[in-house]
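Understanding the architecture of this molecule
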Amino acid sequence: SVSIALFTGDLRLHDNPSLRGASGSADQVVPLFVVDHAIRDTGFPTPNRAAFLAGCLADLDARLRRTGARLAVRTGDVTEQVREVAAEAGAEQVHIAAGVSGYAQRREERLRRALESDGRLLVVHEAVVTAVAPGAVTPQGKDHYAVFTPYFRRWAEQGVRAPLPAPRRIPGARVRYGSLPSPSSLAAGTPSPTLPEGGETAARRRLGRWLDGPLEGYADGHDDLPGDLTSRLSPYLHFGCLSAAELVHRALALGGAGADAFVRQLAWRDFHHQVLAARPAAAHRDYRTRGDRWRADADEIDAWRAGRTGYPIVDAAMRQLRQEGWMHNRARLLAASFLTKTLYADWRTGARHFQELLVDADVANNQLNWQWAAGTGTDTRPNRVLNPLTQAQRFDPDGSYVRRYVPELAGIPGSAVHRPWRLPAAERAALEYPEPIVDLDVAAARFRRARGLDD
Ligand code: FAD
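Just so you know, the residues in each chain are numbered from 1, in the order the chain's sequence is written. Per-residue local features are limited, in this predicted model, to residues with pLDDT of at least 70; the limit for side-chain atom pairs, both in listing and counting, is 80 or more; totals at the level of whole chains, interfaces and linings are taken over all residues. Side-chain numbers come from the whole structure's heavy atoms, not from hydrogens or water.

The term salt bridge refers to a pairing of a side-chain nitrogen on Lys or Arg with a carboxyl oxygen on Asp or Glu at a separation within 4 Å. The full count for this structure, using the stated rule, is 28 salt bridges. Where Glu300 meets Arg295, a salt bridge forms, and the shortest distance between an N and an O atom there is 3.1 Å. Remark: exposure states derive from per-residue accessible area (1.4 Å probe, protein chains only) relative to the maximum for the residue type, with buried under 20%, exposed over 50%, and partly exposed in between. Since its relative accessible area comes to 13%, Glu300 is described here as buried. Overall, the relative accessible area of 24% leaves Arg295 in the partly exposed class. Three or more residues joined by partner-sharing salt bridges are found here, namely Asp15, Glu126 and Arg161.

Only centres within 6.5 Å qualify two rings of Phe, Tyr or Trp (six-membered ring in Trp) as a pair; their planes then separate them into stacked at under 30 degrees, edge-to-face at over 60, and tilted for everything else. The tally for this structure, following the rule as stated, stands at 21 aromatic pairs. For the ring pair Trp210 and Phe262, a centre distance of 5.5 Å and an interplane angle of 55° mean the geometry is tilted. Taken together, the residues span a long stretch of sequence, with Trp210 in helix α8 (residues 200-211) and Phe262 in helix α12 (residues 257-278) at a distance of 52 residues. Each member of the pair, Trp210 together with Phe262, is buried. Clustering of aromatic rings is evident, with ring pairs tying together Tyr145, Phe148, Tyr151, Phe152, Trp155, Trp268, Phe271 and Trp372. Cation placement over rings: the criterion is NZ of Lys or CZ of Arg within 6 Å of the ring centroid and within 35° of the ring normal. The ring of Phe395 has Arg330 lying over it, and the distance from NZ or CZ to the ring centre is 4.3 Å. Helix numbers and strand numbers start at the N terminus; a helix is a DSSP run of H or I with at least 4 residues, a strand a run of E with at least 2.

Turning our attention to the domain arrangement of the protein. Each domain's extent was defined by an automatic or database domain assignment. Once the domains are mapped, the protein shows domain 1 (2-127), domain 2 (129-160 + 201-278) and domain 3 (298-450). Relative to domain 3, the C-alpha centre of domain 1 lies at a distance of 39 Å. Contacts are assigned to residue pairs with any non-hydrogen atoms lying within 4.5 Å of each other. In this complex, domain 1 contributes five residues to the contact, which on the side of domain 3 involves eight residues. Summed over both partners, the interface of domain 1 with domain 3 buries about 550 Å², with 56% contributed by carbon and sulfur atoms. Accessible-area loss on putting two parts together, using a 1.4 Å probe and summing over both, is the definition of buried area adopted here. On the domain 1 side of the interface with domain 3, the three residues burying the most area are Phe44, Asn48 and Arg49, jointly 79% of the side's total. In this assembly, domain 1 and domain 3 are joined by zero salt bridges. Whenever two N or O atoms come within 3.5 Å, that pair is a polar contact, provided that in protein one can donate a hydrogen and the other can accept it, and provided that, for residues adjacent in sequence, both atoms are side-chain atoms. At the surface where domain 1 touches domain 3, the tally comes to three residue pairs in polar contact (both at pLDDT 80 or more).

In structure tokens:
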């Protein structure tokens, strides 16, 4: 007998219930990935994510080959492609992980109906995108938690399911395998110059190194911009090269303040997923309306995108995004606060730009963190404004984060780099660097008025 293991957001061998389910249910398995045209048409595949995804698929194929199987790749409508491969291989069952997004749920339903009409079975395994599935913990009488702290308490009480080991042998089936996609076949355009390498192998290497040392200092170091002391595992979590459940178990087994702080961040990821699952409209509409009438100054927004606002810490953040397809969490927070509160521009504009460049961009984390920063989401202090100069002083005190990403300012020593306008006139004039595009006091007053805080 033959089963198909259909990969979606779980591009890994470890802790993969549907891959194990497929290999346990049949003599032969076709591991399958479909480059889904419906996803392509949303514009979600960008050059950065395409480059990373191509790496993930090549690595998945290499790992499968060591077990006796190979990755089959098809392109097109996912239902049609799965049907065709199933007919070609004579598969009786198709195994898939339960989807958490609205799209994934509709895909599952269409597949089920199509396969049933062909006399085949769709076997749906538990959802593996998050450590705790959306909806698994809810407050009494409500469908989701709107505040993180009580969510986290229940999340920790509930516990996270134990991860499964990777299967050792997966006998492959006879079928046309197709070739692995190149990045340019997945999305047109040039990717950022320094992207992480995609795939479970790179992910596990990074995870091993992370757990082996840096995790210990995470509680104190996670906000240190130049130190760059966070795990940088987010792209691997996004593509499912790593299982969030495995991360929770392995961190907790090591124990300590670093592990606790890290697990708390993984719970934030689950928190945003459960908000979006219950309120899918939060992807594009305010979760909590504050009556904002956002400004749309095209020059200011362009300057923010290009990292030329004249505020070095904001510009360093925006340049890191463009260069690496990733940004430190503290940098995301202050860049988002600058756009939505200082410039008072719509959070959707910022979310779209992040989505274009981030390798880890996902609707739940990106959109809901943007709403958090804009004060239209779940932040319990929606009107706080992060002052970029204070943030710079606290999180990049000697200015080395700025010097790393803003080459025009690389020659300015120490914290003076955060205020180039204070340099002697001749030195200032020699810099190819803009004046601040906005006065912070004027901007703060504008925001307070707009939110009705002065009444
Ligand atoms: P670590 O500090 O090592 O944390 C470990 C993991 O916990 C991360 O990989 C991530 O999966 C999760 N995590 C950490 N912080 C958060 C958080 N605030 N919300 C949700 N999960 C979190 N994260 C994304 O994965 N995708 C996004 O599209 C995204 N967009 C963001 C947009 C804005 C405006 C802001 C403020 C934050 C956004 N984040 C997003 C959250 C966070 O910035 C990144 O997850 C984090 O910087 C990734 O780096 P890391 O893996 O080194 O994190």
